[in-house]
Amino acid sequence: MPITSCLSRLRDSTFTYQPLRSEDTGQDESRPFSNMTIDNEGVYKKAGWGRSQYAVVFVCSLLFMGMGIGIGYAVGRNNSNSNIPQAGDTAQETATKPPRSPHPIDTILSSINKDNIKQNLWKYTSRPRMSGTPGGYELVQILQEAWRSSGIDEVRVTPYDVLMSYPNRTNPNRVQLLTSSGQLIFQSALFEPALDSLSNNSEIIPPFNAYAAAGISEGDLVYVNYGRIEDFLYLTQNMSIDLKGKTLIARYGKIFRGDKVKNAQRFNASGIIMYTDPSDFNRGNSTYPDSWWMPPSGLQRGTVGGDGDPLTPLYPATDYAYRVKESDVSGIKIPAQPISYGDAQHFLSEMGGEKAPLEWRGALPITYRIGPGFRNSSLKIRLEVNNFEEKRTVENVIGYIKGKTEPDRYILLGNHHDAWVFGAIDPLSGTAVLTELIRVFGEMLKSGTRPDRTIVFCAWGAEEHGLIGSTEWVEEYMKVLYERAVAYLNVDYAVDYNYVLFAGTSPLLQDSLYQATKLVPNPDTSSSDKTLYDAWKTRDNSNDLEPSVYYSLGSGSDMATFYQRAGVPSIDMWFTYDENKWDILSYPVYHSAYETVYLYENFIDPGYSYTATMAKLWGVLAWNIANEKVLKFDVRRYATAINKFIGNLKTEFGAQWTKQNVNIGALESAAQNLTTEAENFHQKVQSLHATSSAANVLQKRMINDKLIQFERAFIDCEGLPGRPMYKHVMFAPSLYDSYSDNSFPGIVDTMNEIENQNATAKWEVLKQQVSIATFIIQSAANTLKEVGL
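Residues numbered from 1 in each chain as written. Predicted model: local features only at pLDDT ≥ 70, side-chain atom pairs only at ≥ 80, totals over all residues. Heavy atoms only, no water.

### Details of the sheet that holds strand E12 (residues 336–339)
Now for step 1: Overall, parallel pairing links the four strands, which are arranged E8-E9-E10-E12 in an open sheet. The open sheet terminates on both sides in strands that have one partner only, identified here as strand E8 (221–223) and E12. Ignoring strand direction, the axes of neighbouring strands in this sheet form an average angle of 25 degrees.
Now for step 2: Judged from the five bridges that link them, strand E9 (residues 247–251) and strand E10 (residues 271–275) form a sheet pairing that is parallel. Note that in E10 the partner of Thr-247 across the bridge is Gly-271.
Now for step 3: Along the sheet, helix H12 (residues 341–348) contacts E8, E9, E10 and E12; its crossing angle with E12, the most-contacted strand, is approximately 110 degrees. (Pairing = 2+ DSSP bridges. Helix = DSSP H or I, 4+ residues; strand = E, 2+ residues; numbered from the N terminus. Axes fitted to C-alpha atoms, helices over the stretch in contact; angles between N-to-C directions. Contact = heavy atoms within 4.5 Å.)

### What about the sheet that holds strand E13 (residues 379–385)?
Now for step 1: Taken in spatial order, the four strands make up an open sheet running E5-E4-E13-E7, and their pairing is antiparallel. Of all strands in the sheet, those with a lone pairing partner are strand E5 (184–187) and strand E7 (215–219), marking the two edges. The sheet shows a mean angle of 20 degrees between the axes of neighbouring strands, taken without regard to direction.
Now for step 2: Where strand E4 (residues 174–179) meets E13, six bridges bridge the pair, whose relative direction is antiparallel.

### Describing the packing of helix H16 (residues 510–519) against helix H20 (residues 609–627)
Now for step 1: H20 packs onto H16 with a crossing angle of 125 degrees between their chain directions and a minimal axis gap of 9 Å. Compared by their axis directions, H16 and H20 come out oblique. Classified by chirality, the crossing of H20 by H16 is right-handed. Contacts between H16 and H20 involve Ser-512, Leu-513, Gln-515, Ala-516, Thr-517 and Leu-519 on the former and, on the latter, Leu-617, Val-620, Leu-621, Asn-624 and Ile-625.
Now for step 2: A class-by-class count of the residues in the contact of H16 with H20 yields seven nonpolar, four polar and no charged. (Parallel < 35°, antiparallel > 145°, perpendicular 65-115°, else oblique. Left-handed = near helix turned anticlockwise from the far one by under 90°. Nonpolar A, V, L, I, M, F, W, Y, C, P; charged D, E, K, R; others polar.)

### Section: the packing of aromatic side chains
Now for step 1: Under the defined criterion, the tally for this structure stands at 40 aromatic pairs.
Now for step 2: Here Tyr-223 and Trp-360 contribute two aromatic rings whose centre-to-centre distance is 6.1 Å and whose plane-to-plane angle is 75 degrees, an arrangement assigned as edge-to-face. With a gap of 137 residues between them, Tyr-223 in strand E8 and Trp-360 in the loop between H12 and E13 connect regions that are remote in the sequence. Accessibility assignment for this pair places Tyr-223 and Trp-360 in one class, buried.
Now for step 3: Consider the rings of Tyr-514 and Trp-536, whose centres lie 5.7 Å apart with planes at 55 degrees: the pair is tilted. (Phe/Tyr/Trp six-rings, centres within 6.5 Å; stacked < 30°, edge-to-face > 60°. Buried < 20%, exposed > 50% of the residue type's maximum accessible area, 1.4 Å probe, protein only.)

Below, the structure written as structure tokens:
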């Protein structure tokens, strides 16, 4: 879009841009950039003189004619490069003035091209893209070449040799219903059948769960609902069912699939089958390819392992790294396998035992029963898994734009490039957006617009296998990131439905996110809400004064290691569906062979409007953080959240804690100290915003350093009990669900063990965890003080 038409369109719109540096310029924030221009390095400076300045010059020239001539000459030169109309200009003179350089935010908003994103997505989804396969390696080369051609400063590929898990293509996994004599009654599909031309591809991998053990589980079948810890406790305690040696079947959803397998292993089952129940994945009258709902033949692949390379826990998988023996890897020891709900019906419909509780029943046209075993006692289940593990190279693509004033401060943007199959939603909608954003930033760089701080673009490998690429990279650069990283902005995928923004964030980045959404137009042009922020607030369905975000980022994507180990403030965001309309667990065809570009263009985001909006939001958010003189991190958000979480702990556990002499008073006192110091620090930041003296540059750097390091104050180097890889005392994945976080995870998980597993010996552990949390909160308060010692 031409610059003039872009500016005209923005001027006529009803939403107002907030200046990035009003604290330095003294600008009226309702009239951003009215007396500012941008030099060839993208730095704000005062524009040519306005009318009031001319009046002063005119008066002075009457008194000092000789000086007036010199001033008039200088003014004339200054105004010859300004596009601001001056007194006495004719219409022709005004029209011929060269246009002022657009603000970088305007450039980002006007330069994102939906057609480019579409072309990227078609190219990226042309074949399966699993890491360690030819399609995965090819995509790395495509990204590397595209990013380098964009003109950014540098692009690197960072390889890691890690232990990967794959299905056996010549002997695929299967689930069988057999008679006692071994006669086959039914067998699950070895591959998902093609339902259109796009899902008909010989490179599609057979169904499997990565890192599930190879082996056979045979015997009685038991239905365990979602496979949560409470489901297992109901079966073993309320129904007195012994799960030892049993084959289990669970529906996908509610918790991370790997935790279902861990629970099965914890209760001594011999194997577990997981399926997509239509109650969670098909609420419609038609299925793919006629809608976005999962067809009966669709299934969900996915890892059941942990985070990072299994052979180099806590350390990067460099060529010199020590690697444990594969036989010594602690992980999943039982077979696990995903199947479709069409296949699951054949097994579930034959089950015996008591009827399942009402809340355990899905939407298959059967009577859901618990088992063990089948109504026909001569039937048995046989689960056969033939997965194999081997070392392969996984690759990250990393791009850099070096900051001009603070190159040692980094804003990182991340997405992963690997997919179980085609990955049109997860993750390649995000990858297509990232490449387009890099193109725009590259063009800005060519025109002389460079950010103050360094921007790093990251396309991670092997995320689907367990956040491997990002984990190894963070482990390799942990010391540098710990000192210099400002923020990590994650977009796992851009859109899984074109309705509303959904975001998880560190409390520190909440205001930065709100500010960015106020600058981005609403992609729904039929709405009266003009900005993305307004649309988000309208559709969020919360009664809060601002759109709701969640602080519990979990470990479902690549922000996990940044946030929970390096203490880097992080965001994870995407556009999604109306949860009030569809109370489902994820978009229906998640990780199936039917997650194609056809699905994306027909049912997810026709026209790519929301996809392009994600590019704009991501770019604006990154640019803002990279150029703010004083970071807009509000530490009061953290203090408020901590006080709320402590209140929740008191409500839920207060009576028990009083009986056990748990020192909650000290925890509350530390939180109050943090609240006081956060308010004092905020006032200091506000006073700094009001000044623009060059002498304050060092002071601003000191303030920013405290803001950057504040998140790190919640990192405990010892980690959580039994989980040293998780070090964030405030937020970490639940022990029983890696997809979600607990607030005060060491405390909450320990109380879960005390209450649900009768682990009364854990009270001393609980007291220790409360003490640690108290110390960490008080330490965070101390970091905000002038000296702090």
